[in-house]
Amino acid sequence: MAGPAGADGPDGHIAELVTRLVRDVPDWPTPGVVFKDISPLLADAAAFAAVVTDVARRAREAGATLVAGIEARGFVLAAPAAVAAGAGFLPVRKAGKLPGRTLRRDYALEYGTASVELQPEVVRPGQRVLLVDDVLATGGTAQAACELLTEAGAQLVGLHVLLELSFLGGRGRLGVVPVTTSAVA
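Bear in mind the structure is a predicted one, so any value in this text is a computation, not a measurement.

Chemist: Would you mind going over the packing of helix H3 (residues 45-61) against helix H4 (residues 73-85) with me for this structure?
Modeler: Packed helices, taken two at a time, are described by the angle their axes make and the gap between the axes. For the pair H3 and H4, the least separation of the axes is 8 Å and the interaxial angle reads 60°. By the angle between their directions, the pair H3 and H4 is classed as oblique. Handedness of the H3/H4 crossing: right-handed. Between H3 and H4, the contacting residues are Phe48, Val51, Val52, Val55, Ala56, Ala59 and Arg60 on the first element and Val76, Leu77, Pro80, Ala81, Ala84 and Ala85 on the second. Grouping the constituent residues of the contact of H3 with H4 by class yields 12 nonpolar, no polar and 1 charged.

Chemist: It is not clear to me how the packing of aromatic side chains should be interpreted in this structure. Could you clarify?
Modeler: For any two aromatic rings, the description comes down to two numbers: the centre-to-centre distance and the angle of the planes. Taken as a whole, this structure holds 2 aromatic pairs when the rule is applied. When the centroid spacing of 4.9 Å and the interplanar angle of 80° are considered together, the rings of Trp28 and Phe35 count as edge-to-face. On the basis of relative accessibility, which here comes to 22%, the residue Phe35 falls in the partly exposed class. For the pair Phe75 and Phe89, a centre-to-centre distance of 5.8 Å together with 85° between the ring planes defines the contact as edge-to-face.

Rules used throughout
- Residues numbered from 1 in each chain as written.
- Predicted model: local features only at pLDDT ≥ 70, side-chain atom pairs only at ≥ 80, totals over all residues.
- Heavy atoms only, no water.
- Axes fitted to C-alpha atoms, helices over the stretch in contact; angles between N-to-C directions.
- Helix = DSSP H or I, 4+ residues; strand = E, 2+ residues; numbered from the N terminus.
- Parallel < 35°, antiparallel > 145°, perpendicular 65-115°, else oblique.
- Left-handed = near helix turned anticlockwise from the far one by under 90°.
- Contact = heavy atoms within 4.5 Å.
- Nonpolar A, V, L, I, M, F, W, Y, C, P; charged D, E, K, R; others polar.
- Phe/Tyr/Trp six-rings, centres within 6.5 Å; stacked < 30°, edge-to-face > 60°.
- Buried < 20%, exposed > 50% of the residue type's maximum accessible area, 1.4 Å probe, protein only.

What follows is the structure, encoded as structure tokens:
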């Protein structure tokens, strides 16, 4: 579970925004899956700004010089947070979307398999990186992205997610990676 509010766990105000504005979409993309739609939160300017400010604060506190976002919804949170934190942004992309040499990891989803890639030359050896995504569910995507960053030579300072679905146990797949959340379900 998450730590105390404001430290490494959910901030009460941010958690309330996430809980109120992220909507459940049952049976999407496949029957039995409940998709967490962050679009209503992104469409609320004040809520979106509050979340980005919170992620930027976490990046600064961790000493991150690079904020990595997992495609696609992690981009939406990580890129503006990187700018606000004075850090660079690194996209962790779906397979086949990046030119040149890439590092790749395959992983299992709740409803299939997928792969993510990154360009290793963008990461300087030892560079402090905060990884950001929208939802931590079973942890496959986050684990793959963490492994890629480590292989590229990054010093992974943590993973921050907008919403953790704690009942799916994804945090357990991440080993010693510090995980922070905006809200926990």
